[in-house]
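# Reading the structure
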Amino acid sequence: MPTITETATTSPIGRQTPRIDGPFKVSGTAMYASDFNFTGLLFAVPVEATIANGKLQKLDASEAEKMPGVRAIFHRANIGKIFRSVLQPPNSGIADERRPPLADDVIRYYGQYVAIAVADTFEAAKAAADAVRATYTKDKPNVNLDLQPESEPEAVETTHGRLKRLQSERGDPDKAFASAQVKVDQTYVTPAETHNPIELQGTIAMWDGQMLTIYEESQAVFNLRSVLAQMFGLPKENVRVITKFVGSGFGSKLWPWTHCALACAAARQLGKPVKLVLSRRMMFQSVGHRPRTQQRVRLGATNEGKLVSLMQDYLNDLDILGGYHENCGESTSYFYSVPNLRVHWGRTRRNIASPTPMRGPGAVPGLFATESAMNELADQLKIDPVRLRELNEPKIDEGKGIPFSSRHYLECLQRGGERFGWANRNAEVGSMKRDGSILGWGMSGAAWIAGRFPAQASVELRDDGSARVACGTQDIGTGTYTILAQLVSDKTGVPLNKIEVVLGDTSLPPGPISGGSLVTGSIVPAVFDAADNAITSLLTVATTEPGSPFGNRTPDDLAFEAGRVFAKADGLAKGVSVSDLLRRTNMRLVTGSGKSEGTLDEKKPKVSMHSYCCHFVEVTWQPATARLHVNRVVTVIDGGRIINPLAGRNQIEGAVVMGVGMALLEHTIYDPQNGAPINSNLADYLMAVNADAPLMEVHFLDYPDTDVNPLGARGIGEIGLAGVAAAITAATYHATGVRVRELPIRIEDLLTSSILA
Ligand code: MOS
């Protein structure tokens, strides 16, 4: 009889656990979507519109069709039927671009696909795509990104106009603002940003009669299946989507884009598998971006620093046909206690491709504005910005009038301040120096949604002592493979290295989308339920199947612990292991299915579930060279119970670095003449690299939020980005005296600084 080992009895929950998929990635054996190869595989390259507004007049493919190795040039006349897809909530049937590809001849943004070349090799397809001649009638594109600073978004929507909508309201914010003792009234702007995952987007599509299989790097395989089934008029069961690994997505791979439908249609027309991988340039044009936002924030407060009025009016750009809403007011209504509040939103249509969620959608630009305004208010009041936040800490979610499930924001502030040394701050601008540089200190807070998507999973216990867990969710580089193994190990006692985790496939039990930092929170109850059911099945086997030593018992007489079945009366030491029991009964495995409901669509939630965080930032400012560097960031996260602190810290550090990029570097620039994103490559689109990364300290408070799931795990990732930019601009003001309200901070902005060395 094997003895009970330490590995089998110590739960991996909360332990620093290296990625179980790490060895596959570092050895190059992890198969990303475009790594798959098939006999007869053809290659496709789309033809992109070179105008942003107008009409396709003539498409001449005659030369391209005659080129060597070319199988076909598909366009509107010969691509075959592609249907529109219908949104089927929740989270089913969402397509980023509502219009099916090639549906009409109207060009609405630069890079819109007008045709697709398919050939025996990628090179031949690229040459053919380049040889397709398209002529257009052109209108002037509306890519004018300078929205007028305005108090009220207009009440009507026009093609290039705005739509005013009320998101949240309480009290009488106008009156309270008018009579407030201290006021802030400022407009903040965040630019279009492009996600830039390292793995390019792409599709391999193949048909077997009426069965469609695709390999795609998707953050939501079940949604993609649902969209493709509709676009190609198939029952869902006829479509299979496979996504084994994702080279990150940040939201750009959440919903289907048109290249995927084009690859499927081309494969259908030719009866061969087709691979279509976008170029880096196309990644800037046709697979989403975080839209530009412009937000007016008004804060009214008493001389003591108590908020009396908060108003946020925000606009985001969107494309000509879509309905995307960058929800900048997501955290506004509950983050602070304020009796009078109003959030208005509107949108402005542009000849730019569809925007889409990008890490921390809505809240990230939204909190840049509201947290910046809080920092400005603190400076006006000459109150410490941490103190200002403490003064306005709410007791309940005042937006919904319900209690918080678990909110430890004040403790985040306290812990962060201690670790950073905030008490040593001299609030006077330019007053803190070190080694000839000026130091700037700033801080900010943030919140992000928590909850669950519906999820299902299955767990198998096998006769060799191994386990298998399957769930149709995805690992987008965040650690989902590892978390699933940890959960199963915790429940079954099977060591991590004997757990096979299978995900990223619509043939598995439906799993959540990899969005909203909600996967971990969503899968815990489903996986636990599945493991419990597998164990129940095991106990039944133990009492019914010939060969079992428990044949004279009932399942109620038995218990399961640390990987062993035992009679309660006899104790764990006299139990048998799972593998022993299955071998004696000549069974390969027992299996259990599990399921959990979502929380996000609850009409009347009883508690308000969110994660919280704060960032304390130090910048160094070298006036002689106008060099600004983010030196040090201390981040404290109230993200519920942290299942894997190693993966968790990795998520937050990545997010903080992204925040440095948001504050100082990232900005997609559109050419006003032709509407093209002109910095559409990794040399001209600046992102934070190692040299820009600050020293980072990440702390988790680790309070379980058991309203989310039995472990109290909320899932993290996006929360680490929220607030970083506002803390950096506050630190920049502290160092330079320059208040930057439009991101990214440019050297030109800082040249006006009067702070000299
Ligand atoms: Mo995230 S922007 O919810 O993929």
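Given the structure is predicted, the values throughout are model-derived calculations rather than measurements.

Tracing the backbone shows N53 in the loop between strand 1 (42–48) and strand 2 (54–60). Side-chain polar atoms of N53 contact the backbone oxygen of K140, separated by 3.1 Å. Other than its neighbours up to four places away in sequence, N53 contacts I107, T137, K138, D139, K140, P141 and N351.

Let's shift gears to the nonpolar core. In terms of nonpolar packing, the biggest core is built from 90 residues, with L299, L377 and I728 touching the most fellow members. Core analysis: the second largest hydrophobic core is formed by 62 residues, A49, A64, V221 and M231 among them.

What follows covers the packing of helix 10 (residues 363–381) against helix 17 (residues 724–736). Across the interface, helix 10 lies against helix 17 with an axial gap of 8 Å and an inter-helix angle of 35 degrees. Note that helix 10 runs across helix 17; the crossing there is right-handed. Facing helix 10, whose interface residues are L367, F368, E371, S372, N375 and D379, helix 17 presents A725, A726, T729, A730 and Y733.

Between helix 16 (residues 645–664) and helix 17, whose axes approach to 8 Å, the crossing angle comes to 55 degrees. Considering the angle they form, helix 16 stands oblique to helix 17. Seen along the crossing, helix 16 lies across helix 17 with a hand that is right-handed. Along its contact with helix 16, which presents V656, G659, V660, M662 and A663, the element helix 17 presents V724, A725 and I728. A class-by-class count of the residues in the contact of helix 16 with helix 17 yields seven nonpolar, one polar and no charged.

So, about the domain arrangement of the chain. Assigned domains within the chain: domain 1 (22–30 + 452–596), domain 2 (33–140 + 199–283) and domain 3 (402–451 + 606–750). If you average the C-alpha positions of domain 1 and of domain 2, the two centres end up 38 Å apart. Each partner contributes to the interface: domain 1 provides 23 residues, whereas domain 2 provides 19 residues. For the domain 1 and domain 2 pair, buried surface summed over both sides reaches about 1,600 Å², with 58% attributable to carbon and sulfur atoms. Looking at the side of domain 1 facing domain 2, the largest losses of area belong to I476, T506 and I513, adding up to 35% of the total buried there.

Here we come to the environment of A722. Relative to the helices and strands, A722 is located in the loop between strand 27 (695–700) and helix 17. We classify A722 as buried; its relative accessible area is 1%. C-alpha of A722 to C-alpha of D435: the two residues are 287 residues apart in sequence and 31 Å apart in space. Residues within four places of A722 in sequence aside, it is in contact with V364, L367, A446, C613 and H615.

With that settled, the discussion passes to the sheet that holds strand 8 (residues 182–190). The sheet built from five strands is open, its strands ordered 7-15-14-13-8 with mixed pairing. The open sheet has two edge strands, strand 7 (165–170) and strand 8, and neither has a second partner. Averaged over all adjacent pairs, the angle separating strand axes in this sheet is 10 degrees, with direction ignored. Sheet topology places strand 14 (residues 307–318) next to strand 15 (residues 340–349); 10 bridges connect them, and they run parallel. Residue pairing across strands places N316 opposite R347, the latter belonging to strand 15. Packed on one face of the sheet, helix 10 meets strand 8, strand 13 (293–301) and strand 14 and runs near 145 degrees to strand 8.

Compared with an ideal rise of 1.5 Å per residue, which puts 13 residues at 18 Å, helix 13 (residues 480–492) spans 18 Å between its outermost C-alpha atoms and is within 8% of the ideal. Where burial is concerned, most of helix 13 is hidden: 11 out of the 13 residues are buried. Burial in helix 13 covers these residues: T480, Y481, T482, I483, L484, A485, Q486, L487, V488, S489 and T492. Against the buried residues of helix 13 lie strand 18 (455–462), strand 19 (467–471), strand 20 (499–503), helix 14 (519–544) and strand 21 (558–561). Once helix 13 ends, the next one or two residues include G493, with phi positive near 80 degrees.

Right, let's talk about the sheet that holds strand 1 for a bit. Two orientations exist for strands paired in a sheet by backbone hydrogen bonds: parallel and antiparallel. Strand order in this open sheet of seven strands is 3-5-1-12-9-10-11, and the pairing throughout is mixed. The sheet is open, and its two borders are formed by strand 3 (70–74) and strand 11 (239–242), each paired with just one other strand. Pairs of neighbouring strands in the sheet enclose a mean axial angle of 20 degrees, with direction left out of account. Examined bridge by bridge, strand 9 (residues 202–208) and strand 12 (residues 274–277) share four bridges and lie antiparallel to one another. Its bridge partner lying in strand 12, G202 is registered against V277. Each of strand 1, strand 3 and strand 5 (113–119) touches helix 4 (residues 122–131); the most contacted strand, strand 1, lies at about 25 degrees to it. Strand contacts of helix 7 (residues 258–270): strand 1, strand 3, strand 5, strand 9, strand 10 (211–216) and strand 12, with the helix running at about 30 degrees to strand 9, the strand carrying the most contacts.

Working definition: two side chains of opposite charge can pair if their charged atoms are close together. Following the criterion strictly, the structure yields 37 salt bridges and no others. For the salt bridge of R296 with D185, the shortest nitrogen-to-oxygen distance reads 2.6 Å. Of the two residues, R296 is situated in strand 13 and D185 in strand 8; the sequence distance between them amounts to 111 residues. Residue E618 pairs with R632 through a salt bridge whose shortest N-O separation is 3.4 Å. With E618 in strand 25 (residues 610–622) and R632 in strand 26 (residues 627–638), the pair connects residues that are 14 residues apart, well separated along the chain. Each member of the pair E618 and R632 is classed as buried. One continuous salt-bridge network, built from bridges that share partners, spans E376, D379, R739 and R741.

So, about the environment of A470. One can find A470 in strand 19. Residues A470 and A562, 92 residues apart in the sequence, show an inter-C-alpha distance of 21 Å. Residues in contact with A470, not counting those within four places in the same chain, are A457, S458, V502, L508 and P509.

Here the focus is the packing of aromatic side chains. The final tally for this structure, using the stated rule, is 17 aromatic pairs. Ring plane angle 50 degrees and centroid distance 5.0 Å describe the contact between F335 and Y409, whose orientation is recorded as tilted. On the criterion of sequence distance, the pair formed by F335 in helix 9 (residues 332–335) and Y409 in helix 12 (residues 409–420) is long-range, its members being 74 residues apart. Each member of the pair, F335 together with Y409, is buried. Aromatic side chains Y409 and Y612 sit 6.4 Å apart centroid to centroid with 40 degrees between the ring planes, which places their arrangement in the tilted category. Separated by 203 residues along the polypeptide, Y409 in helix 12 and Y612 in strand 25 bring together distant segments of the chain.

Calculation rules
Residues numbered from 1 in each chain as written. Predicted model: local features only at pLDDT ≥ 70, side-chain atom pairs only at ≥ 80, totals over all residues. Heavy atoms only, no water. Helix = DSSP H or I, 4+ residues; strand = E, 2+ residues; numbered from the N terminus. Polar contact = N/O pair within 3.5 Å; in protein donor to acceptor, adjacent residues only side chain to side chain. Contact = heavy atoms within 4.5 Å. Core = buried A, V, L, I, M, F, W, Y, C linked by side-chain atoms within 4.5 Å. Buried < 20%, exposed > 50% of the residue type's maximum accessible area, 1.4 Å probe, protein only. Axes fitted to C-alpha atoms, helices over the stretch in contact; angles between N-to-C directions. Left-handed = near helix turned anticlockwise from the far one by under 90°. Parallel < 35°, antiparallel > 145°, perpendicular 65-115°, else oblique. Nonpolar A, V, L, I, M, F, W, Y, C, P; charged D, E, K, R; others polar. Domains from an automatic or database assignment. Buried area = accessible area lost by both parts, 1.4 Å probe. Pairing = 2+ DSSP bridges. Expected span 1.5 Å × (residues − 1). Salt bridge = Lys/Arg side-chain N within 4 Å of Asp/Glu carboxyl O. Phe/Tyr/Trp six-rings, centres within 6.5 Å; stacked < 30°, edge-to-face > 60°.

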